[in-house]
Amino acid sequence: MKNVSSVFWIVIAITFIAVLWGAFSPETLQSMTDQIQTYITNDFGWYYLLVVSLLVGFCLFFIFSPIGKMTLGKPDEKPEFGLFSWFAMLFSAGMGIGLVFYGAAEPISHFAIQSPTVETETAQAFRDSLRYTFFHWGLHAWAIYAIVALCIAYFKFRKDAPGLISSTLYPLFGNRIHGWIGKTIDCIAVFATVVGVATSLGLGAAQINGGLSYLFGIPNNFLTQLIIIAIVTVLFLISSWSGISKGIKYLSTTNMIFAALLIMFLLFVGPTVYILNSFTDSIGQYLSNIVQMSFRLSPNDPEKREWINGWTIFYWAWWISWSPFVGIFIARVSRGRTIREFLIGVLVAPSILVFLWFSIFGVSAMDLQQKKIVDIAGMSTETMLFGVLNQYPLAMITSILALILIAVFFITSADSATFVLGMQTTYGSLNPANSVKISWGIIQSAVAAVLLFSGGLEALQNTAKLAALPFSVVIILMIVSLYKSLNDERRAIKQAKIRSINHEAQE
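The present account deals with the structure reproduced in this document.

Criteria and cut-off values
Residues numbered from 1 in each chain as written. Predicted model: local features only at pLDDT ≥ 70, side-chain atom pairs only at ≥ 80, totals over all residues. Heavy atoms only, no water. Helix = DSSP H or I, 4+ residues; strand = E, 2+ residues; numbered from the N terminus. Rg over C-alpha atoms; globule rule 2.2 N^0.38 Å. Buried < 20%, exposed > 50% of the residue type's maximum accessible area, 1.4 Å probe, protein only. Contact = heavy atoms within 4.5 Å. Areas by Shrake-Rupley, 256 points an atom, 1.4 Å probe, with all protein chains shown as cover. Axes fitted to C-alpha atoms, helices over the stretch in contact; angles between N-to-C directions. Parallel < 35°, antiparallel > 145°, perpendicular 65-115°, else oblique. Left-handed = near helix turned anticlockwise from the far one by under 90°. Nonpolar A, V, L, I, M, F, W, Y, C, P; charged D, E, K, R; others polar. Expected span 1.5 Å × (residues − 1). Phe/Tyr/Trp six-rings, centres within 6.5 Å; stacked < 30°, edge-to-face > 60°. Lys NZ or Arg CZ within 6 Å of the ring centre and 35° of its normal. Arc of directions from axis to C-beta.

## Looking at the overall build of the protein
Then comes step 1: The helix and strand tally for the protein stands at 19 helices and zero strands.
Then comes step 2: What you see for the protein is a C-alpha radius of gyration of 23 Å, in line with the 23 Å of a compact globule of 507 residues.
Then comes step 3: Expressed as a percentage of the 507 residues in the protein, the buried residues total 59%.
Then comes step 4: The long-range fraction of contacts in the protein, counting pairs at least 24 apart against all pairs at least 6 apart in sequence, stands at 82%.
Then comes step 5: Of the accessible surface of the protein, which amounts to about 19700 Å², a share of 65% is contributed by carbon and sulfur atoms.

Dropping the structure here:
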């Protein structure tokens, strides 16, 4: 393949070794990654909380500072995509599928299975279930994506640097970034993307299979999941071939419409007033307690610390491991927007939709649990959504709509990932060759299939989370580099204005 960088071959070799290990000895890989992950969460939990809180602070600083007026591109550039299309694409790539998977499952877990602070199935457990779900999926998660995307978009579109993670560190390392330092950083980013998307494809196939089994009695086994992966692969490769302005854009827009139909339906046929009251109250709870939750570690309470490790620190590591992929994609579709508009769009708008989504599905699930109509908490995670929909009118229609939503979210995520992987392994090209994108698409699907068969999917998912620790250091360096470059640019603009004024005065 032409114009492919050495990162392509290095990551393929590393992925091949990891997949072979996961396929032939999944227990060994999972045991080792579990031990490393336990060590990291116990000894570096404080670090994750501080880093992610720092990213939220930097986003707020850039929004309210004069820097926010700068354009991610040349000063007179206009946005490449319309507001709705832009939002739909960044949201679909960022966490669309996760919302469908965990929309009912996470709130019900915090309420009825293991509460973060109190006894389960109490009024306080209900309040905590939504505010902690908001916390895990809201501003902090999107701040991680926003900072990575902002750095890439600024250096790519304003400074004409290659669209690579390593290129954002040029102000700190200079030409040394073109050597082993830059290659290492890009390899970490690409490997995290490959592993993260491959595991999501596998988990997504398992959820679609679970839904089909719940609704139609279709066998829940590897053969069915393999067929699902094959169909999804063909569909996202067709979309990938058509390009970002067609395939991903149209699919993302369609998905937003389907998602809107589903949540509006459940809002009106479900416990409407209860949902709206809980939505409003939970936003207040979330904003009132956001600082306390951001730094909560419970060092003297092992049970609560275990919950924090299993949820909050898990999420922070997972979002960081996904940030190279999502950040690069968001940067690619955000050309021409100001820094302020970009950050508000990436932070606030998705968070509000996330809060509404979890309120509708979470409260509907918890209401059924409270009234003992059905034991949602006793269902498997992949069937909880269908268990909730089954208790309301038009259950079969809404369940099929949910299945379509899951499938299209997976297609858009995989499609976005093939574009990002192609971009990262062709020296930052904004239009990587179809042959490269298709190669990555097939590799991702093959990895998912092999690990579903062997049972090594969870082990590889752990591996993706382990990549979060070194990449978090890269993110900190990216912030320092961005701030340095922005300050240099502002200083240069100010000096140019002074020279212009002096020149006019002399004339």
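## Points about the packing of helix α7 (residues 139-158) against helix α14 (residues 339-370)
Then comes step 1: Running from amino to carboxyl end, α7 crosses α14 at an angle of 150 degrees, the nearest separation of the two axes being 9 Å. Judged on the interaxial angle alone, α14 and α7 are roughly antiparallel. Here α7 and α14 pass one another in a crossing that is right-handed. From α7, L139, W142, A143, A146, A149 and L150 reach across to α14, where they touch I339, F342, L343, V346, L347, P350, S351 and V354.
Then comes step 2: Looking at side-chain class alone, the contact of α7 with α14 contains 13 nonpolar, one polar and no charged residues.

## Describing helix α17 (residues 434-454)
Then comes step 1: In this model, α17 (21 residues) spans 30 Å end to end at C-alpha, consistent with the 30 Å of a helix rising 1.5 Å per residue.
Then comes step 2: Taken together, the buried positions of α17 are V436, K437, W440, G441, Q444, S445, V447, A448, A449, L451 and L452.

## Focus on the packing of helix α6 (residues 123-137) against helix α13 (residues 302-332)
Then comes step 1: The contact between α6 and α13 brings their axes to 10 Å, and the two run at 25 degrees. Judged on the interaxial angle alone, α13 and α6 are roughly parallel. Of α13, the residues touching α6 (which contributes Y132, F135, H136 and W137) are W307, W311, T312, Y315, W316 and W319.
Then comes step 2: Class assignment of the residues belonging to the contact of α6 with α13 gives a composition of eight nonpolar, two polar and no charged.

## Here we look at the packing of aromatic side chains
Then comes step 1: Applying the stated criterion to the full structure yields 32 aromatic pairs.
Then comes step 2: Taken together, a centroid distance of 6.2 Å and an interplanar angle of 55 degrees make the contact between F61 and Y483 tilted. Here F61 is found in helix α2 (residues 26-64), whereas its partner Y483 is found in helix α19 (residues 468-506), with 422 residues between them in sequence.
Then comes step 3: Relative accessible area serves as the criterion here: at 35%, Y483 is assigned to the partly exposed category.
Then comes step 4: Residues W318 and W322 carry aromatic rings whose centres are separated by 6.1 Å and whose planes lie at 50 degrees to one another, so their mutual orientation is tilted. With W318 and W322 both in helix α13, this residue pair falls four residues apart, about one helical turn. In this structure, W318 and W322 share a single accessibility class: buried.
Then comes step 5: A cation over a ring is seen here: R337 above W86, with NZ or CZ 4.3 Å from the ring centre.

## Notes on the environment of G336
Then comes step 1: One can find G336 in the loop between α13 and α14.
Then comes step 2: Judged by relative accessible area, G336 falls into the buried class, the value being 7%.
Then comes step 3: The spatial distance from the C-alpha of G336 to the C-alpha of E77 is 5.0 Å, given a sequence separation of 259 residues.
Then comes step 4: The residues touching G336, leaving out its near neighbours within four places in the chain, are T71, L72, E77, K78 and P79.

## Regarding the side chain of T398
Then comes step 1: Here T398 shows up in helix α16 (residues 395-424).
Then comes step 2: Contact partners of T398, with chain neighbours within four places excluded, come to L262, F265 and L389.

## With respect to helix α1 (residues 6-24)
Then comes step 1: For α1, with 19 residues, the first-to-last C-alpha span of 27 Å sits near the 27 Å given by 1.5 Å per residue.
Then comes step 2: Those residues of α1 not exposed but buried are V7, F8, V11, T15, A18, V19 and G22. Looking straight down α1, one finds its buried side chains confined to an arc of 105 degrees; they lie on one side. For α1, the exposed residues lying more than 90 degrees away from the buried face are F16, I17 and F24.

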